[in-house]
Amino acid sequence: MIVAMPVKNDHDDAPLAPLFGNAKYFAFTNEETGVSIERMEQNGGRDVARTLIAKNVDVLITSHLGLNPFTLLKSYGIKVYFAGEGRITVSEAIRMFQDGKLKEVTAETYRDLLGEEESHPHSHVQNCCSTGVHHHRSHA
């Protein structure tokens, strides 16, 4: 399982970045390789989401995520978890995820956990994400 998190810098235990689409770095973790920090060349939620999809990410842990990238990630079966509003580091986020202490963001909870100020209608989120239709990724 590959877990991704937007982070503020390229240090091993960096704090999570508050904005998904503007993060300059992402932490990627999995059982085989541990944690790696990579520079994110893309800017903007949808482009960053496409990069995570291409990297076969299974889980995203973040504090903020716009509706469009959220919908795109969910359509590919990527689970999104809310990291909270406070300062949290990569190791803390991983530990909280493994301990089941992070809330999964669904179409029903998006607005409460990650919702944008310019809020799109909740029904739009529900229609996009809970239809049961999912794109399938190839694990090359």
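The shown structure was predicted, so the numbers you read here are calculated from the model rather than taken from an experiment.

Peer 1: Before we move on, could you go through the sheet that holds strand β4 (residues 59–62) and cite the residues and values that matter?
Peer 2: The strands making up a sheet associate through hydrogen bonds between their backbones, and the pairing can be parallel or antiparallel. Read across the sheet, six strands follow the order β3-β2-β1-β4-β5-β6 without closing on themselves; strand pairing throughout is mixed. Each of the sheet's edge strands pairs with one partner strand only, and the pair in question is β3 (34–39) and β6 (103–105). When strand polarity is set aside, the average angle formed by the axes of neighbouring strands in this sheet is 30°. Both strand β1 (residues 3–7) and strand β2 (residues 25–30) contribute to a ladder of five bridges, which runs antiparallel. Across the sheet, the residue bridging to A4 is F28, located in β2. Sitting on the sheet, helix α3 (residues 90–98) is in contact with β1, β2, β3, β4 and β5 (79–82), with an inclination near 145° to β1.

Peer 1: Could you give an account of helix α2 (residues 67–75), with specific residues and numbers?
Peer 2: Counting buried positions over the nine residues of α2 gives seven, a clear majority of the element. Turning to α2, its buried residues number three or more, namely L67, P69, F70, T71, L73, K74 and S75. Phi turns positive one or two residues past the end of α2, at G77, with a value near 80°.

Peer 1: Tell me about the pairing of β1, residues and numbers included.
Peer 2: Summarising burial for β1: five of the five residues are buried, a large majority. Residues V3, M5 and V7 of β1 are buried on one face, and the alternating residues A4 and P6, pointing to the opposite face, are buried as well. Here β1 runs beside β4; their pairing, made up of two bridges, is parallel. Its bridge partner being in β4, A4 is matched across the sheet by L60.

Peer 1: Can you break down the confidence of the model for the protein chain residue by residue, with the values?
Peer 2: Averaged over the protein chain, the pLDDT score is 84; the fraction of residues at 70 or greater is 81%. Put simply, helix α5 (residues 122–129) is where the protein chain has its lowest mean pLDDT, 40, and β1 is where it has its highest, 97. Scored below 50 in pLDDT, residues 117–140 makes 36 contacts in the model with residues more than four places away or belonging to other chains.

Peer 1: Which residues make up the packing of helix α1 (residues 45–54) against α2, and what values go with them?
Peer 2: Put simply, α1 and α2 touch, their axes get as near as 8 Å, and they point 20° apart. By the angle between their axes, α1 is roughly parallel relative to α2. The two elements α1 and α2 meet at a crossing, and its hand is right-handed. Along its contact with α1, which presents G45, R46, A49, R50, L52 and I53, the element α2 presents N68, P69, L72 and L73. Partitioning the contact of α1 with α2 into residue classes produces six nonpolar, two polar and two charged.

Calculation rules
- Residues numbered from 1 in each chain as written.
- Predicted model: local features only at pLDDT ≥ 70, side-chain atom pairs only at ≥ 80, totals over all residues.
- Heavy atoms only, no water.
- Pairing = 2+ DSSP bridges.
- Helix = DSSP H or I, 4+ residues; strand = E, 2+ residues; numbered from the N terminus.
- Axes fitted to C-alpha atoms, helices over the stretch in contact; angles between N-to-C directions.
- Contact = heavy atoms within 4.5 Å.
- Buried < 20%, exposed > 50% of the residue type's maximum accessible area, 1.4 Å probe, protein only.
- pLDDT = per-residue confidence, 0-100.
- Parallel < 35°, antiparallel > 145°, perpendicular 65-115°, else oblique.
- Left-handed = near helix turned anticlockwise from the far one by under 90°.
- Nonpolar A, V, L, I, M, F, W, Y, C, P; charged D, E, K, R; others polar.

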